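Single-letter residue listing:
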Amino acid sequence: MKKSVVMGLTVLPALFAVSAMGAQTINAAGATFPAPIYQKWFAEYKTAHPDVQINYQPIGSSGGIRQLIEGTIDFGASDMPVADDQLKQMKVRTLHFPTVMGAIVLTYNVPGVTGALKLTPEAISGIYLGTIAKWDDAAIKGANPGVKLPSKEIEVVHRSDGSGTTFVFADYLSKISADWKSKAGTNASPSWPVGLGGKGNDGVAGLVKQTPNSIGYVELFYALQNKMAFADIKNAAGKFVTPSLEGVTAAAAGSKDLPEDFRGSINNAPGAASYPISTFTYLLIPTEYKDATKAAAIKGFLTWMLTTGQKDAQGLSYAPLPKNLVAKVQKQLAQIK
Amino acid sequence: MATPSAAVPQASSIPKRRFGGDEVAYGITLLFSLSILAITVLLVYELWQHSALTRDKFGLGFIGSKLWNPVTSQFGALPFIYGTVITSILALLISVPLGVGAAIYLSELATSKVSNTLTFLVELLAAVPSVIFGLLAIFTVIPLMRDYIEPAIQSIAGFLPLFSGRIGAGAGYLTAGAILAIMTFPYIISVSREALMAVPREQREAALALGATKWESTWDAVLPFARLGIMGSVFLALARALGETMAVTMVIGNDRVIHTSLFAPGYTIAAVIANEFAEAEGNMHLSALIELGLVLFALTMVINGLAQLLIIVTTKKGSAKG
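Points about the overall build of chain A
And then number 1: For chain A, the helix and strand inventory stands at 14 helices and 11 strands.
And then number 2: In terms of overall size, chain A behaves like a compact globule, its C-alpha atoms giving a radius of gyration of 21 Å where 337 residues would be expected to give roughly 20 Å.
And then number 3: For the C-alpha atoms alone, the extent of chain A along its principal axes is close to 70 × 35 × 35 Å.
And then number 4: Across the 337 residues in chain A, those meeting the buried criterion constitute 53%.
And then number 5: A separation of at least 24 residues holds for 73% of the contacts in chain A among residues at least 6 apart in sequence.

With respect to the interface of chain B and chain A
Many analyses report the size of an interface as the accessible area lost when the parts associate.
And then number 1: With 23 residues of chain B at the contact, the number on the chain A side is 25 residues.
And then number 2: With four residues, helix α7 (residues 130-157) of chain B is the largest single contributor of residues to the side of chain B that touches chain A.
And then number 3: When grouped by side-chain class, the residues that make up the side of chain B that touches chain A number 12 nonpolar, six polar and five charged.

As for the nonpolar core
Across soluble globular proteins, you tend to see nonpolar side chains buried next to one another.
And then number 1: Ranked by internal contacts, the top residues of the largest apolar core, which has 168 residues, are A:V105, A:L106, A:F301, B:A137, B:I179, B:I188 and B:V251.
And then number 2: Residue contributions to this core peak at 16 residues, all from helix α8 (residues 173-197) of chain B.
And then number 3: For B:A137, the contacting residues outside a window of four places in its chain are B:I142, B:T175, B:I179, B:A247, B:M250 and B:V251.

A word on the sheet that holds strand β9 (residues 232-234) of chain A
Residue and element names in this part refer to chain A.
And then number 1: Within the open sheet, the three strands sit side by side as β5-β9-β10. Their pairing is mixed. The open sheet has two edge strands, β5 (118-119) and β10 (240-241), and neither has a second partner.
And then number 2: Here β5 runs beside β9; their pairing, made up of two bridges, is parallel. Directly across from K118, in β9, lies its bridge partner D232.

Reading the values: the criteria
- Residues numbered from 1 in each chain as written.
- Chains lettered and ligands numbered in written order.
- Predicted model: local features only at pLDDT ≥ 70, side-chain atom pairs only at ≥ 80, totals over all residues.
- Helix = DSSP H or I, 4+ residues; strand = E, 2+ residues; numbered from the N terminus.
- Rg over C-alpha atoms; globule rule 2.2 N^0.38 Å.
- Buried ≥ 20, exposed ≤ 12 C-beta atoms within 10 Å, placed from the backbone.
- Contact = placed C-beta atoms within 7 Å.
- Nonpolar A, V, L, I, M, F, W, Y, C, P; charged D, E, K, R; others polar.
- Core = buried A, V, L, I, M, F, W, Y, C linked by C-beta atoms within 7 Å.
- Pairing = 2+ DSSP bridges.

If you want it as structure tokens, here you go:
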């Protein structure tokens, strides 16, 4: 259907090469968060290009990175940028391709509170550090005039399984709070000063729903699909922003100091419309393939993903990449051989 | 003298069939049973090999350390060992009296119709996947514990440190113990009932003939006889409780800190492996999780060993008495 878009791009010779060699099977594995859109993309791409079959296993970001290091897959996928020492372990120099973006929202269950709560960075870090113990603490009350907050202890919920979601949330907390940075740090399994752990988005959501006076964090698309209450968060520009896909795209567009290899965070990005807890998710693409047709097929897919594929994002509650960024990411394609 | 001659015609027809058959069966079944040994050895070897990093770095300190922090690569198993042991003990404290009591009713007191129906249900319960119990726990057991049972316990026994903590969300050691009790209960009933049913009828009749009441005959004549089988059911339940992963992860709260209060959240070995393995960052973290597997293996061995010892001691006492 959308073949014409692809045809116009640099992939044309690559496509001929692939069809000449017969079906090309490509194996990939990694992050679970973008798995729904990846499955959709790979299926759509196969319909348009029957000779390219991409298999994707959502085994988790760290698992994807490990398998890529071991060379058992053709490319990986991760919600977090690969650390320097792991990047060095790769046999072939590996590139980060941002694909789509997501946001993390704070969901809560406070009896008596009906509208959206407003949370400042100080309140969020205080709650997760355990220094803010009750809902009627001045740091929360101050941002929510007129809201009747109970004088009850806050039941803090976090993810118990190591996850990219936690990594992004911990990275946000490290950016806004020096205390968090020194006490807990940025990690997929940080050492939580307080709270209960729930396994997966559904584990956290289940605990929050079942526990009065609780707060937890889940991915935006999960909260939207399950119609959960989530808080407006004060961004770096001092504005309270309701989590939305547009807010995430704005955060990426506003991140001016993003490094050349895209291994930066877009948390707490400047800009009045930027939602502050946002993240890229990446495909990890080696720069050299032994098989030239495989390299061409992967390049073909990436080109399609950065253009036509982006239109699928919003339907599945992911934020598409901003236009200025797509142009920068496309420049990396030339390095794949 | 007459028998050999009578056996001759048969003997000539048998050798063909006998040849090889027994040896082959012996060899094959031996091979099958040796595979158990091979799997166990391989398992320990693999766990040992892949945990080399943390074994070298922390040594035995791994077992005694309370700190588990993947950010700073500090790993200690104590909070998980504590959680595993305490939840299993809590589970057995609840499920053993209930299970054995129910088994006595089913085998000794109930009519066979009631007994068969209930036994069928019990066996059905034993086959329910643990994630279903976890869901039951999140939606039913946790609110029940938080709103009614834990406040009640606290009002009676709140002076004990074990019951003096903040009740909070209801997820924690006690709730995990309760859900494990529900899960192990069918095992205890079903195996204990079999053991009680296997007690010879004469044992009961003898007690009744001596003027014992129905209960006295059950308590003094039948139960001691079935002691081994009942013990066996308890160990089966214990093994399940120690290794249970999914349901426990869903209700224990997954907190890496040791709390005195049973109302507080905790962690077990199986739960932390399930939670962190897929996204473990770096080789130290992986190695630490694999070493935890080794610790769980050792813990199970030690507890089973103690259990065997207990059986030997108590059966000696029983035979002396009886």
